[in-house]
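Here is how the chains run, residue by residue.
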Amino acid sequence: MTIETWKHKIEQSLVENHGLKHDEFDKIVEGLGREPNLTELGIFSAMWNEHCSYKSSKYWLKKLPTTGKRVIQGPGENAGVIDIDDGDVAVFKMESHNHPSFIEPYQGAATGVGGILRDVFTMGARPVANLNALRFGDTSHPKTRHLLSGVVEGIGGYGNCIGIPTVGGEVNFHPSYNGNILVNAMTVGIAKKDKIFYSAAAGIGNPVVYVGSKTGRDGIHGATMASAEFDDDSEDKKPTVQVGDPFTEKLLLEACLELMKEDAIIAIQDMGAAGLTSSSIEMASKGNVGLDIDLTKVPMRAQNMTAYELMLSESQERMLMVIDPTKESLARNIFRKWDLEFEIIGEVTDTKNLVLRMHGKEEACIPINILVEDAPEYQRDYTIRETSKKIEIIQDEFDQKTIIPDLIKMISHPNLCSRQWIWEQYDHMVMADTIVRPGSDAAVVRVHGTNKGIAISTDCSPVYCKHNSFEGGKHAIVETWRNIIASGALPIAVTDCMNFGNPEKPEIMGEFVECIRGMTESCSYLDYPVISGNVSLYNETNGVGIYPTPAIGGVGLIKDLSKTMTIGLKNEGNIICVIGETSGHLNMSQYLSIIKNKEEGCVPEINLEIEKKNGMFVLDCVEEHLTESVHDIGEGGLLIAMSEMCMAGNLGVQIEVKKEFLHAYLFGEDQGRYLIEVSEKNYEKVITLAKDNSIHIEKLGFVGGTDLKIDHLNTVSIAELLEKNSEFFKKYAG
Amino acid sequence: MKSKVIVFPGSNCDRDVAVAIKNLSGVEPQMVWHKETTLDGADLIVVPGGFSYGDYLRCGAIASTSPIINEVIKKANEGVPVIGICNGFQILIETSLLDGALIRNSSLSFICKDVYIKSENQSSIFTKKTKIAKMPIAHNEGNYFASAETLKKIIDNDQIAFKYCNDQGEVNSVSNPNGSINNIAGILNDKKNVLGLMPHPERAAEKALGCDDGKHIFESVLSI
Amino acid sequence: MLAKIHITLKKDVLDPQGKVVANSLNTLGFDTVEDVRQGKYIELTINENDKNTAKKKLSEMCEKLLANLVIEDYSVEIE
Amino acid sequence: MLAKIHITLKKDVLDPQGKVVANSLNTLGFDTVEDVRQGKYIELTINENDKNTAKKKLSEMCEKLLANLVIEDYSVEIE
Ligand SMILES: Nc1ncnc2c1ncn2[C@@H]1O[C@H](COP(=O)(O)OP(=O)(O)O)[C@@H](O)[C@H]1O
Ligand SMILES: [Mg+2]
């Protein structure tokens, strides 16, 4: 259906290929008291699709804890805001760009980064860190290599050019992503508490200003596409992918921050998915006002664009503002200096309608409340799948001699090997405040000009979420919390990116509901609220959904950077201790999946009480300068964590385990555990402190030499570990 | 000593180098917008890293046509010290203040990591305090190229400032991160008052960032 | 044989480079420059004796590797 | 007028990109590909009525900005 053949009467097919269900269309007609014209239909389809309206998820998202002592702005604005003392705030959010990245990995990932950056600097914050949570199909799948290289190049291409360090993230490979990769981008910015900008339009008669790049026919229907299930001919959806222009975004960033120093901006909103449509409606709805827009004023890149195209274009690097009329020329000059478009395209009205005109002719008139408050909201049916049951693991089937070969196999595996090949393609040091670089637990970025820093980590275990969505949801939150603790920071809040399959299937909806319940439990218990997020549903190809993937981005605060911890071993003779109890939980572990090729058994459960106690104990030790290095024990278990510390510090260890079931102890994935390195002189202090707090602590061994030695029986050189650990990506994609 | 840092659209290491110089010398450098036309009173001119004009067309090409560049060339010819870092190096090459060319890394990908460099010319105002130094690189087009005769000229005239090496100071192919001819990481003009280098000394100018080898380059040229 | 391959951006696709180059040409005083589109030009020597086979293979190379058909078009000529 | 500008690397300048492209084409099974050189192709619309003036200006643009004469050659045609 094209605009030319449009006959001003609604045809079924047209409604359908706008992704609107028939009852939804009836709702539109009822609300307007008439049938919408094409432009209006396009606007409704963009606003009412899953991506913009959250119609399937809203009800459940409301259950997440979103408040806390340090929370200044929770979900609902462009990004969340937390207090990090001294009048400084951190502003952050994570967002998905999954479908576009599958269709065109470089541009899809690049524009994903551009979009999340705008969400953060729209709030008045200077972005200081980017992270990316990536999920790809099996490494043997024909598409995977191309998608991986394209996505990594695109993320670097955009972030490097605009000059914001990409300091962390996560990558994993699993067949469930063969037809739907996940590209989740997170940005953290820093602002002043009294200089935060919001999107609520105000002041009847105030000018509505368009700034940034010109509007072309880019990504028309992108927002609708982002909520469409794939099928084999989704190749046809290709032309809707837009091209990113990081240089223009850099200019836009500097121009906006420059204008924000003046008292000129009343409201500001970036043009993301559904461009001018969602940004204008967002502003009007938040401000409970109307907007009158003359589309002929919109700077255009292509000839004779229609109202429909102008409203639905997803051209990048654009912003919408309401400014103080007396500051117009000042604002105009700033954007001119930066060679950017600056056009007054309309004004704020009291009609509470969105009115669009072109050459004097009215192209659309929609009451804002119909678009927003009356937007469909569903409580979809859900069924909760049985969680996978415990399997017996027979000790006799294990030969202690295989420990080292198994270890090598695991640290060489795509899901556990070093990600250096990736982060070396990202400028992770620009802005000269990166204190802890990629390759440790959380990345640490200094707040410019101070001695404090923020620690950031993204995590999620989709395998846990698939086989026990509740524990999986709990775990995703806790894993970032642990990473942040391990870097010596106090965890403060998280952002989430909820990637799931088709919510119209009760099983998928059940996964969503359970993940939210698990997340809620962890967030509440750890006083670690969700302050922003994003939902990406319909990640399915030919009816096969991805594993539930609630990617979490956590942020913490280090008040004194001299207390920053990294995972690298520091000195010969230091003592290694394990915090937390090890029962040897091999069910559903990386060991089983990598070595035994089994994805079976029960998911390890997290005891939040112990989790919190252990974490706080580690932080106390760090506070007292009692630790030399810290690493949380995550996927792959104790021995993987131990080798990562050896490799990062290029130092060996001798550890004494003397356990009957060595494999279970070394590769089990019991939760709530950390490895700490302490000097001999601090060892007693640490032990007493542990006793006083009834913390389970075990002495594991000593730092020293060039080998990893277990019970003097099993030995491997750190050099060999390093070699094997860094092999995969170079060979696969390098 | 008054330093001036030139800012182009797309520069993104301008603040980093200004902060480094401020911390080392105690004197706040002056930021100069590329549309300005004078650099009077500058004791050091810095052309910072970044992606001027998005690195579109050719890295540094468009910036090298900015109004301020004529003034940079004038001051350079008067003998004022000029340092171009990363994109700044690319810009100085495009202005022909420095010889050769910087082409795509042999790996064809952006590389951000610590490297070691050693000073080849131990007498220049920039290099005299540096022997072997560790500092980060972060670039796509740092692969130094020069024609046979140009190469001969800069060697004979002692214009090679730095070469990539390993932590032992050995210059070999393994320690060459981007395919640069003769492992060249930085070069001087024939009067030795203009330096261009790909590594980022400003990102290695304080211990908190992991290493402060980079400070010697600023200290020697600012005679701190 | 020497093959010449042109790879250009599709008509409505944004060309950030072209935009910036056009602006800077204008500021350099070339004010009659109206629009700039930047593409790739590849010279490729291929050892085939039959033009048509060569042509077929070259188109295949463009589809598989040289061009990004999502946003680019290509054309192939053989000397 | 529409001008077509080709910018190519000088013979003696190595072309890392071309080399890698050639290799990956070989590994993709196009084993008759011998050499690849990658250059730029610029389409430029210029508002001039006299071809020669246009041509002069275009060469000037190449010298001043579009080509780096240390490593690149250029050629200009006008439709
Ligand atoms: N896509 C990526 N981009 C940048 N850094 C990454 C990426 N993926 C992983 N990393 C980094 O690699 C390190 C290991 O990641 P991960 O395995 O998630 O650590 P952990 O298991 O401790 O959470 C972290 O420092 C992380 O930031
Ligand atoms: Mg992680």
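Above this note sits the structure.
Residues numbered from 1 in each chain as written. Chains lettered and ligands numbered in written order. Predicted model: local features only at pLDDT ≥ 70, side-chain atom pairs only at ≥ 80, totals over all residues. Heavy atoms only, no water.

**Focus on the overall build of chain C**
As a reminder of what qualifies: The helix count covers DSSP runs of H or I at least four residues long, the strand count covers runs of E at least two residues long, and both are numbered beginning at the N terminus. All radius of gyration figures rest on C-alpha atoms, and the globule criterion is 2.2 Å times the number of residues raised to 0.38. To sort residues, take the accessible area from a 1.4 Å probe on protein chains only and compare it with the maximum for the residue type: under 20% means buried, over 50% means exposed, and anything in between is partly exposed. When checking whether two residues touch, look at their non-hydrogen atoms; a contact exists if any pair is within 4.5 Å.
Looking only at helices and strands, one finds two helices and three strands in chain C. Shown N-terminal to C-terminal, the secondary structure of chain C runs as helices and strands in the order β-α-β-α-β. Taking 12 Å as the expected radius of gyration for a compact globule of 79 residues, we find that chain C reaches 16 Å, considerably beyond that expectation. Its C-alpha atoms give chain C principal-axis dimensions of roughly 50 × 25 × 15 Å. Sorting the 79 residues of chain C into buried and exposed places 47% on the buried side. Put simply, 68% of the contacts in chain C that link residues at least 6 apart link residues at least 24 apart.

**Describing the interface of chain B and chain A**
Rules: Accessible surface is computed with a 1.4 Å probe, and the buried area is the amount of it that two parts give up when combined, taken over both parts together. For salt bridges, the criterion is a side-chain nitrogen of Lys or Arg within 4 Å of an Asp or Glu carboxyl oxygen. Any pair of nitrogen or oxygen atoms within 3.5 Å is treated as a polar contact; in protein, a donor-acceptor pairing is required on top of that, and neighbouring residues in sequence qualify only through side-chain atoms on both sides. Here the nonpolar group is Ala, Val, Leu, Ile, Met, Phe, Trp, Tyr, Cys and Pro; Asp, Glu, Lys and Arg are the charged ones; every other residue, Gly included, is treated as polar.
Residue-level contacts link 26 residues of chain B with 27 residues of chain A. Counting the surface lost from both chain B and chain A, the interface buries some 2200 Å², and carbon and sulfur atoms represent 57% of this. A per-residue breakdown of the area chain B buries against chain A is headed by R15, C112 and L209 of chain B, which together make up 25% of the total. Counting the contacts that link chain B with chain A gives four salt bridges. A salt bridge links D427 of chain A to R203 of chain B, with the shortest nitrogen-to-oxygen separation between them at 2.9 Å. Here chain B and chain A share 11 residue pairs in polar contact (both at pLDDT 80 or more) between them. Of all elements in the fold, only helix 1 (14–25), strand 6 (111–119) and strand 7 (132–139) of chain B reach the threshold of two or more residues within the side of chain B that touches chain A. The greatest single-element share of the side of chain B that touches chain A, amounting to four residues, is contributed by strand 6 of chain B. Looking at side-chain class alone, the side of chain B that touches chain A contains 14 nonpolar, five polar and seven charged residues.

**Observations regarding the relation of the copies chain D and chain C**
To keep it simple, the criterion reads: Superposition of the copies used a least-squares fit over C-alpha atoms from residues whose pLDDT is at least 70 in both.
Turning chain D through 180° and shifting it by 0.0 Å along the axis lays it on chain C, with an RMSD of 0.2 Å. In short, the pair behaves as if placed about a two-fold rotation axis. By residue overlap, the copies meet face to face through one surface: 100% of the interface positions of chain D are interface positions in chain C.

**Focus on the packing of aromatic side chains**
The test is simple: Each pair of aromatic rings taken from Phe, Tyr and Trp, with Trp reduced to its six-membered ring, is defined by centres within 6.5 Å and is described as stacked if the planes are under 30 degrees apart, edge-to-face if over 60, and tilted in the remaining cases. In this scheme, the term charge over a ring applies when either NZ of a lysine or CZ of an arginine sits within 6 Å of the ring centre and within 35 degrees of the ring normal.
What the rule picks out here adds up to 18 aromatic pairs over all chains. Measuring from centroid to centroid gives 5.7 Å for F247 of chain A and Y53 of chain B, while their planes differ by 40°, and the two rings are tilted. On the criterion of chain membership, the pair formed by F247 of chain A in helix 10 (residues 246–260) and Y53 of chain B in the loop between strand 3 (44–47) and helix 2 (67–78) is interchain, its members lying in two chains. An identical accessibility class is assigned to F247 of chain A and Y53 of chain B; each is buried. Ring centres 5.9 Å apart and planes at 35° place the aromatic pair F398 of chain A and Y591 of chain A in the tilted group. Linking F398 of chain A in the loop between helix 14 (368–371) and helix 15 (403–412) with Y591 of chain A in helix 20 (residues 590–595), this pair joins segments that are 193 residues apart in sequence. The structure contains a cluster of three or more aromatic residues connected by ring pairs, namely F136, F173, W421, F728, F729 and Y732 of chain A. Stacked on the ring of Y732 of chain A, the Lys or Arg R145 of chain A has its end atom at 4.6 Å from the ring centre.

**Here we look at the pairing of strand 2 (residues 80–83) of chain A**
Residues and elements named next belong to chain A. Convention followed: At least two bridges found by DSSP between two strands are what make those strands a pair.
Of the two faces of strand 2, the one lined by G80 and I82 and the one lined by V81 and D83 are each fully buried. Both strand 1 (residues 71–73) and strand 2 contribute to a ladder of two bridges, which runs antiparallel. Within strand 2, the residue paired with V71 across the bridge is I82. From the end of strand 1 to the start of strand 2, which pair antiparallel, there are six residues, and G76 there has a positive phi angle of about 125°. Direction of pairing for strand 2 relative to strand 3 (residues 88–96): antiparallel, over a ladder of four bridges. Across the sheet, the residue bridging to I82 is A90, located in strand 3. What sits between strand 2 and strand 3 in their antiparallel hairpin is a turn of four residues, with D85 showing a positive phi close to 70°.

**A look at the sheet that holds strand 10 (residues 318–323) of chain A**
All names here are of chain A. Counted only if it meets this: Throughout, an axis means a line fitted to C-alpha atoms (over the contacting stretch in the case of helices), and angles, computed between N-to-C directions, take values from 0 to 180 degrees.
As summarised here, the arrangement of the seven strands in space is 8-10-7-11-9-12-13, forming an open sheet in which the pairing is mixed. Each of the sheet's edge strands pairs with one partner strand only, and the pair in question is strand 8 (265–270) and strand 13 (361–367). Taking each pair of neighbouring strands and ignoring which way they run, the sheet shows an average axis angle of 25°. Sheet strands in contact with helix 3 (residues 38–48) are strand 12 (353–358) and strand 13, and its direction is about 35° off that of strand 13.

**Looking at the state of the cysteines**
Note the following rule: We call a pair of cysteine sulfur atoms a disulfide whenever their separation is within 2.5 Å.
For the structure shown, the criterion picks out zero disulfides over all chains. The thiol of C417 of chain A is unpaired, and the distance to the nearest cysteine sulfur, on C646 of chain A, comes to 18 Å.

**A short note on helix 22 (residues 638–649) of chain A**
Residue and element names in this part refer to chain A. Just so we agree on the cut-off: One less than the residue count of a helix, multiplied by 1.5 Å, gives the span that helix is expected to have.
For helix 22, which comprises 12 residues, the first-to-last C-alpha distance of 17 Å matches the rise-based estimate of 16 Å (1.5 Å per residue) to within 8%. Within helix 22, nine of the 12 residues are buried, which leaves it mostly tucked inside the rest of the structure. For helix 22, the full list of buried residues reads L638, L639, I640, A641, M642, S643, M645, C646 and M647. Following helix 22 by one or two positions, N650 has its phi on the positive side, about 45°.

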